[in-house]
Amino acid sequence: RWEELYRPLLGALAVSRGAGLTRSQLAGIVGVPRSRADDALRRVAQYVTGEQPDGPFRPYHESFREFLLRDREYPVYPAEVHEAVAGFFLDVCGGDWAACSDPYALEHVATHLTEAARGLDRIDERARRVRLAHEHGWQVVRWAGLNLYFGGVQAVELRSDGTLAAAGDPRR
């Protein structure tokens, strides 16, 4: 149960941003029916905060988030979780960022994509993330000498060494 349900669920909560992720988002990221997500959220209720039943949910305390991200006995593999979160929202928005109505996706996909790439050991895997972003409608633009991938309101910079980094909004 840890490997199939709790690691991915707690991992998604650990890497979540802002107010956190809703029950439906968690179910989609983990790849389980909402009923299983509900059951799991009830079992870990003492460790998360959020309005039942729909959330959004996030770790109750920052120390629990840090524990999940650093524990060696029960690792959550943050880069893999960031990839799962980014992939879920890239699929949800279907590459049409102008029509995407999910505030979490618009605000945080760039960060999750960046963190997924940052946690990978191989440049070819990072390049695959860039291709994935491009295939899902991220617009490639040149701005101030940077290669930026726009998705929603954030941007990801592809650096010359093949790494990705979150970039600020150049419109500001």
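Residues numbered from 1 in each chain as written. Predicted model: local features only at pLDDT ≥ 70, side-chain atom pairs only at ≥ 80, totals over all residues. Heavy atoms only, no water.

So what's going on with the overall build of the protein chain? Residues and values would help.
The secondary structure content of the protein chain amounts to seven helices and six strands. Walking the protein chain from its N terminus toward its C terminus, one meets helices and strands in the order α-α-α-β-β-α-α-α-α-β-β-β-β. For the protein chain, with 172 residues in total, the buried portion stands at 48%. Residue pairs in contact within the protein chain that sit at least 24 positions apart in sequence constitute 56% of those at least 6 positions apart. Just so you have it, the protein chain exposes about 9,100 Å², and 49% of that area is on carbon and sulfur atoms. (Helix = DSSP H or I, 4+ residues; strand = E, 2+ residues; numbered from the N terminus. Buried < 20%, exposed > 50% of the residue type's maximum accessible area, 1.4 Å probe, protein only. Contact = heavy atoms within 4.5 Å. Areas by Shrake-Rupley, 256 points an atom, 1.4 Å probe, with all protein chains shown as cover.)

Could you give an account of the nonpolar core, naming the residues involved and the relevant values?
If you look at the biggest cluster of nonpolar residues, it comprises 34 residues, and the most contacted ones within it are Leu9, Leu13, Leu26, Val85 and Phe89. Put simply, the parts of the chain that give this core at least two residues each are α1 (2-15), α2 (23-30), α3 (34-43), α4 (62-70), α5 (78-93) and α6 (103-118). Top contributing element to this core by residue count: α1, with eight residues. Setting aside residues up to four positions removed in sequence, Leu26 forms contacts with Leu9, Ala12, Leu13, Leu21, Leu41 and Phe57. (Core = buried A, V, L, I, M, F, W, Y, C linked by side-chain atoms within 4.5 Å.)

With reference to specific residues and values, describe the pattern of salt bridges.
Taken as a whole, this structure holds five salt bridges when the rule is applied. Among the ionic pairs, Asp38 bridges to Arg23, the shortest N-O distance being 3.2 Å. With Asp38 in helix α3 and Arg23 in helix α2, this residue pair connects regions lying 15 residues apart in the sequence. Accessibility assignment for this pair places Asp38 and Arg23 in one class, buried. Across the pair Asp54 and Arg23 runs a salt bridge, and its minimum N-O distance is 2.7 Å. Residue Asp54 is located in the loop between β1 (48-49) and β2 (58-59), and its partner Arg23 is located in helix α2; the two are separated by 31 residues in the primary sequence. Taking the relative accessible area as the measure of exposure, Arg23 reaches 14% and is therefore buried. Each of Arg23, Asp38 and Asp54 takes part in one network of salt bridges that share partners. (Salt bridge = Lys/Arg side-chain N within 4 Å of Asp/Glu carboxyl O.)

An account of the packing of aromatic side chains is requested, with residue identities and associated values reported.
In the structure shown here, the tally under the stated rule is four aromatic pairs. Where Tyr47 meets Phe64, the ring centres are 5.0 Å apart and the plane angle is 20°; that geometry is what we call stacked. Pair noted here: Tyr47 is in the loop between α3 and β1 and Phe64 is in helix α4, with a separation of 17 residues, a long-range link. The structure contains a cluster of three or more aromatic residues connected by ring pairs, namely Tyr47, Phe64 and Phe67. (Phe/Tyr/Trp six-rings, centres within 6.5 Å; stacked < 30°, edge-to-face > 60°.)

Residue-level account of the confidence of the model for the protein chain, with values.
Of the residues in the protein chain, 67% have a pLDDT of 70 or more, and the chain-wide mean is 76. In the model of the protein chain, strand β3 (residues 139-143) stands out as the element of lowest mean pLDDT, 39, in contrast to α2, which has the highest, 96. (pLDDT = per-residue confidence, 0-100.)

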